[in-house]
Structure formats: structure tokens, C-alpha cells
Amino acid sequence: MPPDPSLRHQVIRIYKELLFLGRDYPLGYDYYRARLHKAFASQAGLRDEDKIRRGIERAEFVKKVCGLRVALQM
Amino acid sequence: MLRPVLFKAVRAAARPAGRSVTPIARPVIPRTTLFRQRLHPAACLGAVRCYSAGGALSKDEVQGRILDLLKNFDKVSDASKLSPTSHFTNDLGLDSLDTVEVVMAIEEEFSIEIPDKEADAIHTVDKAVEYIMNQPDAH
């Protein structure tokens with residue numbers, strides 16, 4: 001039974017946002033992209049909606065930290 | 001006899017005036033910025049879009065640009081399988097996250113924004129070309 005498609009969109013949206021935040025990652029965008037991809041792909045098997053929501057929350061947290069780092073660098 | 005005296009007087013009168021002028025004339029920097037500002041639109045003229053021109057993209061051009069973009073995408077496992085009909089997942093070995101990245105690259109290439117729902121439906125080069133052709137804003 002596939003989970004709620006709106007969760008899928010949320011995941012894709014946060015993936016895009018995180019990709020965008022990694023544009024000027026110190027170790028290079030390709031490195032960042034590969035790591036981010038791996039992190040998301042490792043959770044691809046999640047089917048439990050609560051677990052997916054928790055994953056999204058974790059991604060939101062990472063986004064906040066990344067955004068803070070970008071803001072402090074400027 | 002009178003002339004040199006007159007010259008001297010005129011020069012003496014002009015000099016302080018000239019000196020008082022120099023500080024005003026000195027701000028060369030604002031002048032250059034003014035010049036730069038004036039130059040700016042001309043320099044960008046190449047990038048200015050002429051709205052009167054027929055902006056429609058040809059199908060071949062769109063296809064070529066999308067294929068080029070995929071060629072440069074390092075996760076495409078087998079570039080020889082790249083064709084106008086290739087499927088992102090089945091032929092090119094991309095997963096759903098890579099597909100998201102491809103769609104983002106297409107958005108950037110054509111300066112448009114593809115809503116989530118439409119982006120979800122783009123799984124082949126054909127579909128992407130078709131979508132772009134239906135977007136009057138794409139360029």
C-alpha cells in the first residue's frame with residue numbers, strides 16, 4: 001500500500017530545498033549532492049507514514065542548520 | 001598698457017573661481033558610476049528579450065537542449081541510450097531523486113517553474129519536450 005502522495009511531494013520539496021542550500025558547499029556541490037542523494041535514497045524503503053513524517057522533520061532540521069551556516073558565512 | 005592689466009585682473013578673478021570649482025569637479029567616482037549606469041543597459045542589450053519577436057521555440061531546439069542537459073548529467077549511466085524517446089528510469093538508470101534533479105535542471109534551462117504535479121508526470125525526454133512546447137514562457 002503506497003503512502004499518502006502528499007508526503008511524497010513534501011519529501012521532493014525538501015530535497016529540492018536542501019539541494020538549493022548546498023549550492024556553495026565548501027567541499028563542492030557534487031560532493032554535497034552525492035551525500036544528500038545517498039541520505040535520501042537510504043530512506044527510500046520507508047512505508048510507515050509516521051516514520052516518513054519523522055524523516056521529513058529530520059530533513060527540516062538539517063535545512064535549518066544548513067540555512068544558518070549559509071547565513072553566517074555571508 | 002591697459003591690456004596686460006586687464007588680463008591680470010581677469011586671471012586673478014578667474015583663479016579663485018577655478019579653485020573653488022575643483023572640489024566640485026573632483027568627485028570623479030560618481031561621474032564614472034554615472035557613466036557606468038549609462039553604459040549598463042547597452043552592455044546588456046544582448047540579453048534583453050524583444051517581446052515583439054516570435055519567441056516560440058522549435059521542437060528540435062528544445063529536444064537538443066534537453067538531450068545536452070542530460071548528456072552533462074553525470075548520473076546518466078549509459079549515454080548511448082540517450083534518445084528523444086528514452087525513459088529516465090528504465091533507459092538512463094536514474095532514480096526518482098535524479099529525476100527531480102533533471103526536472104530542476106530543465107526548469108533552470110528554460111527559465112520556468114514546473115509545478116509539483118506536472119513535474120511528477122515527466123518521466124521521459126518526450127514528455128519533457130512536450131511540456132516545454134506547451135509553455136509559452138519557456139525560452
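Rules behind the numbers
- Residues numbered from 1 in each chain as written.
- Chains lettered and ligands numbered in written order.
- Predicted model: local features only at pLDDT ≥ 70, side-chain atom pairs only at ≥ 80, totals over all residues.
- Heavy atoms only, no water.
- Helix = DSSP H or I, 4+ residues; strand = E, 2+ residues; numbered from the N terminus.
- Contact = heavy atoms within 4.5 Å.
- Areas by Shrake-Rupley, 256 points an atom, 1.4 Å probe, with all protein chains shown as cover.
- 1 Å grid on protein atoms, 1.4 Å probe; cavity = no way out; pocket = protein on both sides within 12 Å on 5 of 7 lines; lining within 4 Å.
- Points joined across faces, edges and corners; volume = space filled by probe spheres on them.
- Salt bridge = Lys/Arg side-chain N within 4 Å of Asp/Glu carboxyl O.
- Buried area = accessible area lost by both parts, 1.4 Å probe.
- Polar contact = N/O pair within 3.5 Å; in protein donor to acceptor, adjacent residues only side chain to side chain.
- Nonpolar A, V, L, I, M, F, W, Y, C, P; charged D, E, K, R; others polar.
- Patch = residues over 30% accessible without salt bridge, like charges linked within 9 Å, V, L, I, M, F, W, Y side chains within 5 Å.
- Buried < 20%, exposed > 50% of the residue type's maximum accessible area, 1.4 Å probe, protein only.
- pLDDT = per-residue confidence, 0-100.

### Observations regarding the overall build of chain A
Along its length, chain A carries 3 helices and 0 strands. When the helices and strands of chain A are listed from N to C terminus, the series reads α-α-α. Taking the contacts inside chain A whose residues are at least 6 apart along the sequence as the reference set, 64% of them involve residues at least 24 apart. Split by element, the accessible area of chain A, about 5400 Å² in all, is 59% carbon and sulfur.

### Topic: the layout of surface pockets
Its boundaries defined by the atoms lining it, the largest pocket holds a volume of some 1200 Å³. Lining the largest pocket we find 41 residues, and of these A:V11, A:A39, A:F40, A:A41 and A:Q43 sit closest to its centre. Within the residue set of the lining of the largest pocket, elements represented by two or more residues are helix 1 (5-21), helix 2 (29-42) and helix 3 (49-73) of chain A together with helix 4 (96-109) of chain B. Here the lining of the largest pocket gets 12 residues from one element, more than from any other, and that element is helix 3 of chain A.

### Thoughts on the side chain of A:H37
Within the secondary structure, A:H37 is located in helix 2. In contact with A:H37, other than residues within four places in its own chain, are A:Y15, B:K75, B:D95, B:L97, B:D98 and B:E101.

### Overview of the pattern of salt bridges
Counted by the stated rule, this structure contains 14 salt bridges over all chains. Ionic pairing is found between B:D120 and A:R8, a salt bridge with its closest N-O pair at 3.3 Å. Of this pair, B:D120 sits in helix 5 (residues 116-121) while A:R8 sits in helix 1, which puts the two residues in different chains. The partner of B:K75 in a salt bridge is B:E101, with the nearest N and O atoms 4.0 Å apart. With a gap of 26 residues between them, B:K75 in the loop between helix 3 (59-71) and helix 4 and B:E101 in helix 4 connect regions that are remote in the sequence. Residues joined by salt bridges that share partners form a network here, namely A:R33, B:D74, B:K75, B:D98 and B:E101.

### Overview of the interface of chain A and chain B
Facing 13 residues of chain A, the contacting portion of chain B comprises 13 residues. In terms of surface lost to chain B, no three residues of chain A exceed A:K16, A:R33 and A:H37, which account for 42% of the buried area on that side. Our count for the contact surface shared by chain A and chain B stands at 5 salt bridges. For the pair chain A and chain B, the interface holds 9 residue pairs in polar contact (both at pLDDT 80 or more). Listed by contribution, the elements that provide at least two residues to the side of chain A that touches chain B are helix 1 and helix 2 of chain A. With 7 residues, helix 1 of chain A is the largest single contributor of residues to the side of chain A that touches chain B. The residue makeup of the side of chain A that touches chain B, split by class, is 5 nonpolar, 2 polar and 6 charged.

### Some points on a nonpolar patch on the surface
The grouping of A:F61, A:V62 and A:V65 at the surface amounts to a nonpolar patch, some 260 Å² of accessible area in total. The exposure class assigned to A:V65 is partly exposed, which follows from its relative accessible area of 37%.

### Side note on the confidence of the model for chain B
Residue and element names in this part refer to chain B. Here chain B averages 75 in pLDDT, and 65% of its residues register 70 or above. Of all the helices and strands in chain B, helix 2 (residues 28-43) carries the lowest mean pLDDT, 50, while helix 6 (residues 125-133) carries the highest, 91. When the criterion is pLDDT under 50, residues 31-35 qualifies, and its contacts beyond four places in sequence or with other chains add up to 0 contacts. Interface scoring of the predicted complex returns ipTM 0.80; its pTM is 0.66.

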